[in-house]
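Topology and contacts: notes
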Amino acid sequence: MGPLIVRRVLVSMPALLGVLFLCFCLLQVVPTDPALLVAGGDAKPEVVEAIRKDMGLDRPMLVQFGDYIFRVAQGDLGRSMISNKSVAEELAETIGPTVELMVGAMVLAVPLGLVLGTLAAVKRGSWVDRAVVALSVAGVSMPVFFVGLLLIQYVGYLWDLLPFTGRTGPVWAGGLPSLILPALTLGSVLIGPIARLTRTAVLEVLGADFVRTARAKGLRESAVIIHHALRNALIPVVTLVGLQAAFLLGGAVVTETMFSWPGVGRLAVGAIVTSDYPTAQGAIMILALAFLVINLIVDVLYVVLDPRVQRA
Amino acid sequence: MTTLSSPPAAMPAALPTTAAPATPEAAAPRRAGLIARLARDRIALCAAVVLAVIVLAALLAPWISPYDPYFTDLGAAMQPPSAAHWFGTDNTGRDMLSRVLYGTRNTLMMGLAGVLFGGVLGAALGIVAAFYKRVDPWIMRVVDILLAFPAILIGLAVAAILGSGLTAVIVALVVSTVPDVARVARGAAVGVMGQEFMEAGRAVGLSNRALIWRYLTLNCVSTIAVFMTLRFGQVILVGSALGFLGMGAQPPEAELGMMASQGRDFLFMAPHIATVPSLAIFAIVLAANLLGDAVRDVLDPRLQQ
């Protein structure tokens, strides 16, 4: 297990370097010259040149990239051009709520998707099955913000059941109510695909020999479904969650913006709208890194669920 | 990164490719039956009709719009749907039906441009990677790195560089489509490369260009096309999400995602301003997804999960 994780981390290094390089390039191609920004719009060319030298912007690109990696490794991501706070500090404040939101979404979506998918498979051809299939097709076709708008309008505003703006605090400090609607909105992206895949996977497994054996030896039907069918169906589902991580991250950006959730996604959108490049770069980098980490976790989980992978 | 999330079953690139026909040009008769077979599928037929109506309405927007989509009339602001304004009016009294028609035009154009340009570029990369073994690892490594950026992030990055606008969103959609298509195309092309007719073509002295065009590309086209059809709905979703975030078309221009975002500010007073464009996106994506699924089932059953 241990060496495997180390190997997977090492394998993801090129992707990590690539992400860093693209983020580094982001600041290079941005329309405003950083030296000019520091010097001010009407500075003399000599002054701008001096500042450029001072900031190390006249060095070869590769040297600057090395320097950039070095600084990122030390947690130095520059300062926000709007709030003048260090970007690392801003990210540290916002990453918690984003992780909380994503975990919340998965906690809601994965069990719900599994239950719906299993139900549909077990009651194949019934109205339950048809409803689940229709729901999952509709689910993957809904814009995230539409789900959010509906929840805000009905659950939040008209029925006045749950808060729908901002975050009142961490879950363990009474923040749960404010998390539910955003998490449900984000989770809605996942429920459909998970239910659909679980249905297919369970159907496949239910036809397998070992399930017949389990039944033949007199196991209760619930045990057959939970221990034999569902356990094996989990493998493709975990992969799916990994593949859907991109949608989850993208959805998080939209969800945070809608619900004024103080996360990295909202930080990124706000920074781009205000042309705060260092903050935008830092936020985009963190989100891309988060994506790499999710994929890593999925790989490891995969081994836990399917020991055959390790041997291969 | 994604290369190592190991299970081949759900990964497009590792899927078995379309059974390549014995001769390079043998794919034609199969396609002739496509329309007929799709027409027998009731859901696909409905989806196709809905999509056709939406596309037609978008194309004809300048002629069929009942009002000028930019004409504001503050006296008639935030009216609910009525006989005069079928979809109501927005916060500045503009006719929602006309704006949705124009918005659909922009949204569809954005999605189509993203899928087409991204698809062609990605297909070219994938096919070149499969044909020239030497560049293969390099291309695929770049593709893997690009895959580490979720589409919305690419959108944010592009908007940061180019400034918000439809162009930024289209560039982002193209960039995010390329790596996925490249993987699928390479997967399909590698399968075709192993076929005997490729060797035969080489043996009779065909140039690389002819081999790539007439033998390799033609036989990958259906797999790539199916994948692009399936992607269309997603691309629209990502594009309208970017519009919703304010990275896309800028007001007063109409684009469905952006319109939904504008309506958000008036959600409690006039819910239809946000709901109508959101429903329009939902309808487009749902129809596209259903049709995509049906096309896949007919053309390339093995792409199924």
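Fair warning: this is a prediction, and the values are worked out from it, not measured in the lab. (Residues numbered from 1 in each chain as written. Chains lettered and ligands numbered in written order. Predicted model: local features only at pLDDT ≥ 70, side-chain atom pairs only at ≥ 80, totals over all residues. Heavy atoms only, no water.)

Topic: the overall build of chain A
The condition that has to hold: Helix and strand definitions here come from DSSP, where helices need a minimum of 4 consecutive H or I residues and strands a minimum of 2 consecutive E residues; each element is numbered from the N-terminal end. A simple rule labels every residue: compare its accessible area, found with a 1.4 Å probe on the protein chains alone, to the largest value its type can have, and call it buried under 20%, exposed over 50%, or partly exposed in between. We call two residues in contact whenever any of their non-hydrogen atoms come within 4.5 Å of each other. Residue-level accessible areas treat just the shown protein chains as cover; the underlying method is Shrake-Rupley with a 1.4 Å probe. In this tally, Lys and Arg are treated as positive and Asp and Glu as negative; His is ignored, and so are the chain termini. Where a charge lies is defined by one atom per residue type, namely NZ (Lys), CZ (Arg), CG (Asp) and CD (Glu).
Within chain A, the regular secondary structure consists of 15 helices and zero strands. Counting all 312 residues of chain A, 48% fall into the buried class. For chain A, long-range pairs separated by at least 24 residues make up 71% of all intrachain contacts whose partners lie at least 6 apart in sequence. A total of about 14,800 Å² of accessible surface is found on chain A, and carbon and sulfur atoms cover 67% of it. Considering chain A, the positive charge centre built from 23 side chains and the negative charge centre built from 21 side chains are found 16 Å apart.

Here's the deal with helix 12 (residues 245-258) of chain A
Helical periodicity: at 3.6 residues per turn, an α-helix aligns residues three or four positions apart in one direction. Residue and element names in this part refer to chain A. In plain terms, the rule: What a helix should span is 1.5 Å times the count of its residues minus one.
Taking 1.5 Å per residue as the helical rise, helix 12 with its 14 residues ought to reach 20 Å, and the 20 Å between its terminal C-alpha atoms agrees with that figure. With 12 of its 14 residues buried, helix 12 lies for the most part within the structure. Along helix 12, the positions that sit buried rather than exposed are Ala245, Leu248, Leu249, Gly250, Gly251, Ala252, Val253, Val254, Thr255, Glu256, Thr257 and Met258. Within two residues after helix 12, serine 260 carries a phi angle of roughly 50°, on the positive side.

Side note on the packing of helix 2 (residues 13-29) of chain A against helix 14 (residues 277-305) of chain A
Residues and elements named next belong to chain A. Selection rule: Fitted lines through C-alpha atoms serve as axes, helices being fitted only where they are in contact, and the angles separating the N-to-C directions of these axes extend from 0 to 180 degrees. An angle counts as roughly parallel when it lies under 35 degrees, as roughly antiparallel when it exceeds 145, as roughly perpendicular when it falls between 65 and 115, and as oblique in every other case. What makes a crossing left-handed is the near helix being turned counterclockwise from the far one by less than a right angle; a clockwise turn instead makes it right-handed. Three classes are used, and their members are as follows: Ala, Val, Leu, Ile, Met, Phe, Trp, Tyr, Cys and Pro are nonpolar, Asp, Glu, Lys and Arg are charged, and the others, Gly among them, are polar.
Look at helix 2 against helix 14: their axes get within 10 Å of each other, and the N-to-C directions meet at 165°. It follows that helix 2 is roughly antiparallel to helix 14 by the angle criterion. Both helix 2 and helix 14 take part in a crossing whose hand is right-handed. From helix 2, Ala15, Leu16, Val19, Leu20, Cys23, Phe24, Leu26 and Leu27 reach across to helix 14, where they touch Tyr277, Pro278, Gln281, Ile284, Met285, Ala288, Leu289 and Leu292. Taken together, the residues of the contact of helix 2 with helix 14 break down into 15 nonpolar, one polar and no charged.

Notes on helix 2 of chain A
Along its 17 residues, helix 2 of chain A runs 24 Å from first to last C-alpha, staying within 8% of the 24 Å computed at 1.5 Å per residue. Listed in full, the buried residues belonging to helix 2 of chain A are Ala15(A), Gly18(A), Val19(A), Leu20(A), Cys23(A), Phe24(A), Cys25(A) and Leu26(A). Looking at the buried side of helix 2 of chain A, the elements it contacts are helix 5 (61-73) and helix 14 of chain A together with helix 6 (136-147) and helix 7 (151-162) of chain B.

A word on the interface of chain B and chain A
Quick reminder of the rule: Summed over both partners, buried area is the accessible surface (1.4 Å probe) that two parts give up on being assembled. Counted as a polar contact is a pair of N or O atoms within 3.5 Å, where, for protein atoms, one must be capable of donating a hydrogen and the other of accepting one, and residues adjacent in sequence contribute only when both atoms are in side chains.
Contacts between the two partners involve 45 residues from chain B, matched on the other side by 54 residues from chain A. Carbon and sulfur atoms supply 80% of the area buried between chain B and chain A, which totals about 4,400 Å² over both sides. Our enumeration of links across chain B and chain A arrives at three residue pairs in polar contact (both at pLDDT 80 or more). Elements with a minimum of two residues in the side of chain B that touches chain A: helix 6, helix 7, helix 10 (208-244), helix 11 (256-264) and helix 12 (272-299) of chain B. Of the residues forming the side of chain B that touches chain A, the biggest block, 11 residues, is contributed by helix 12 of chain B. A breakdown of the residues in the side of chain B that touches chain A according to their chemical character gives 33 nonpolar, 10 polar and two charged.

Some remarks on unusual backbone geometry
Across the junction of Pro251(B) and Pro252(B), the peptide omega takes the value 10°, indicating a cis bond. Inspection of the secondary structure assignment puts Pro252(B) in the loop between helix 10 and helix 11. Unlike most non-glycine residues, Ser275(A) shows phi in positive territory, near 55°. For Ser275(A), the location among the structural elements is in the loop between helix 13 (264-273) and helix 14. A positive phi angle, close to 55°, is found at Met78(B), a residue other than glycine.

Focus on the packing of aromatic side chains
Rules: Two aromatic rings, drawn from Phe, Tyr or Trp (for Trp, its six-membered ring), form a pair once their centres lie within 6.5 Å of each other, and the interplanar angle then sorts them: stacked below 30 degrees, edge-to-face above 60, tilted otherwise.
In total, this model carries 10 aromatic pairs over all chains according to the counting rule given. Relative to Phe24(A), the ring of Phe21(A) has its centre 6.3 Å away and its plane inclined at 35°; by these criteria the two rings are tilted. Of the two residues, Phe21(A) and Phe24(A) are both situated in helix 2; the distance of three residues between them amounts to about one turn of the helix. What makes Phe21(A) partly exposed here is its relative accessible area of 32%. Given the relative accessible area of 4%, Phe24(A) is considered buried. Seen in terms of ring centroids, Tyr157(A) and Phe268(B) are 3.8 Å apart; in terms of plane orientation they differ by 10°. Their pairing is stacked. Highlighted residues: Tyr157(A) in helix 8 (residues 144-158) and Phe268(B) in the loop between helix 11 and helix 12, drawn from two different chains.

Some thoughts on the pattern of salt bridges
As a reminder, the rule being used: For this document, the term salt bridge refers to a Lys or Arg side-chain nitrogen within 4 Å of an Asp or Glu carboxyl oxygen.
Counted under the stated rule, the structure contains 15 salt bridges over all chains. Between Asp209(A) and Arg212(A) there is a salt bridge whose closest N-O contact spans 2.8 Å. Of this pair, Asp209(A) and Arg212(A) both sit in helix 10 (residues 209-216), separated by three residues, roughly a single helical turn. Per residue, the accessibility class of Asp209(A) equals that of Arg212(A), and both read exposed. Overlapping salt bridges bring together Arg196(A), Asp293(B), Arg296(B) and Asp297(B) as one network.

Observations concerning the environment of Val144(A)
Residues and elements named next belong to chain A. The topology assignment puts valine 144 in helix 8. Residue classification places valine 144 among the buried residues on the basis of a relative accessible area of 16%. Taking the C-alpha atoms as reference points, valine 144 and leucine 27, 117 residues apart in sequence, are found 30 Å from one another. Residues contacting valine 144, with those up to four places away along its chain left out, are Thr185, Val189, Gly251 and Thr255.

Describing a nonpolar patch on the surface
Applied cut-off: Each patch is built from residues that are more than 30% exposed by relative accessible area and take part in no salt bridge. Like charges join if they lie within 9 Å; nonpolar side chains (Val, Leu, Ile, Met, Phe, Trp, Tyr) join within 5 Å.
Residues Tyr154(A), Tyr157(A), Leu158(A), Trp159(A), Leu161(A) and Phe268(B) make up a contiguous nonpolar surface patch of about 640 Å² in total accessible area. Overall, the relative accessible area of 34% leaves Phe268(B) in the partly exposed class.

Topic: the environment of Ala200(B)
For Ala200(B), the location among the structural elements is in helix 9 (residues 196-203). Sequence separation between Ala200(B) and Met110(B) is 90 residues, and the spatial gap between their C-alpha atoms is 42 Å.

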